[in-house]
Amino acid sequence: IIVSAGWGSTTATASISDSAGNTYLTAVGPITNVVRGQIWYAQNVRSGPNTVTVSYSGNVGNNLEIHEYAGLATSNSLDVTSSLTGSGTSPSSGSAAISQASELLFGFSNVSGNVSWTAGPSYTLRQTTVRGASEDRVVSSTGSYSASFTTSVSRSWVALLAAFRAPAGGPA
C-alpha cells in the first residue's frame, strides 16, 4: 500500500494507521512550502477489508490518495526518494537514481490552490483532487528519474518521488 497526503498547514503533522494492523513507514516527507506533502508505504500487507486513516495534529484542509500494488518487494522495498518545492505550473520532484532495472516510480504533488492536473511524461495519473495528484510508472532500466506534473494555474507546490523495488528476480 502506498499512501500520499497533502495538507494546507506548514506546522501540522500527520500520522497514519489502518484497521488491518499494517505498519506504515515514511517514504518521503513531510515536505513544506506553503503546503505540505508526504508519502507513506506498508510492505507485505495483510489481506482483507481495510480502512486507512490519516490523522492530523490540527484542523487542516487535506487530500489523500491510497494505492494498492502487487509485485513489489515485501521487505526493503523503498529504493530512493526525491522532493522539491517551488511555484509555477510545473511541479517536479527532482531526480533520483534507482538501483535496479525494474522499479515502480510513485509521484505526488500538492499545491496551494485549485488546479487541474496533467501527468508527467511516461506517467499515468492515478488520483486527483483540486489540490493534489498522484502518478506512477514502471521503469525497466536503471538511471535517474523524476516525477513531474503540469497544473492549469500557477501555484506554490511540493512534489515528491518514491521508487520501490521489485522482488529479487521479478518485475515490478
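Scroll up for the structure.
Position numbers for residues start from 1 in each chain and track the written sequence from start to end. Reporting in this predicted model follows two pLDDT cut-offs: at least 70 for local features of residues, and 80 or more for side-chain atom pairs to be given and counted; totals over whole chains, interfaces and linings ignore these cut-offs and use all residues. Excluded from the side-chain calculations are hydrogens and water; all other atoms, namely the structure's heavy atoms, are used.

1. Considering the nonpolar core
So, point 1. We call a set of buried Ala, Val, Leu, Ile, Met, Phe, Trp, Tyr and Cys residues a nonpolar core when their side-chain atoms join them within 4.5 Å. Exposure classes here rest on a 1.4 Å probe applied to the protein chains alone. A residue is buried below 20% of its type maximum, exposed above 50%, and partly exposed in between. With 16 residues, the main nonpolar core has Ile2, Ala27, Ile39, Leu160 and Phe164 as its most contacted residues.
So, point 2. Put simply, DSSP H or I for four residues or longer makes a helix, DSSP E for two residues or longer makes a strand, and each gets a number counted from the N terminus. Of all elements in the fold, only β3 (24-32), β4 (36-42), β9 (103-111) and β15 (155-165) reach the threshold of two or more residues within this core.
So, point 3. When residues of this core are assigned to their parent elements, the largest contribution, 4 residues, is made by β15.
So, point 4. Residues count as neighbours in contact if any of their non-hydrogen atoms are within 4.5 Å of one another. Excluding its chain neighbours within four sequence positions, the residues that come into contact with alanine 27 are Ile39, Trp40, Tyr41, Leu78, Thr81, Ala162 and Phe164.
So, point 5. Core analysis: the second largest hydrophobic core is formed by 14 residues, Val3, Trp7, Val54 and Tyr56 among them.

2. Description of the packing of aromatic side chains
So, point 1. Aromatic rings from Phe, Tyr and Trp, taking only the six-membered ring of Trp, are treated as a pair when their centres fall within 6.5 Å; an angle between ring planes under 30 degrees marks them as stacked, one over 60 as edge-to-face, and anything in between as tilted. Taken as a whole and assessed by the stated rule, the structure comprises 3 aromatic pairs.
So, point 2. Only when the NZ atom of a Lys or the CZ atom of an Arg is both within 6 Å of the ring centre and within 35 degrees of the ring normal do we say a charge sits over the ring. The cationic tip of arginine 137 hangs over the ring face of tyrosine 123; the distance from NZ or CZ to the ring centre is 5.6 Å.

3. Observations regarding the sheet that holds strand β6 (residues 62-67)
So, point 1. Strand order in the open sheet formed by 4 strands is β3-β4-β1-β6, and the pairing between neighbours is antiparallel. At either end of the open sheet lies a strand with only one pairing partner, and these are β3 and β6. Strand-to-strand twist of the sheet, defined as the mean angle between neighbouring strand axes without regard to direction, takes the value 10°.
So, point 2. Pairing of strand β1 (residues 2-7) with β6 involves 6 bridges; the strand directions are antiparallel. Bridge pairing links glycine 6 to asparagine 63 in β6. In this description, strands pair whenever DSSP reports at least two bridges between them. Inter-axis angles, ranging from 0 to 180 degrees, are taken between N-to-C directions of lines fitted to C-alpha atoms, where helices are fitted over the stretch in contact.

4. A look at unusual backbone geometry
So, point 1. Of note, the bond from glycine 29 into proline 30 is cis; its omega dihedral lies within 30 degrees of zero at 0°.
So, point 2. Considering the arrangement of structural elements, one finds proline 30 in strand β3.
So, point 3. The backbone of asparagine 44 sits at a positive phi, close to 50°, despite the residue not being glycine.
So, point 4. With respect to the element layout, asparagine 44 can be found in the loop between β4 and β5 (52-56).

Coordinates in, geometry out; function isn't part of it.
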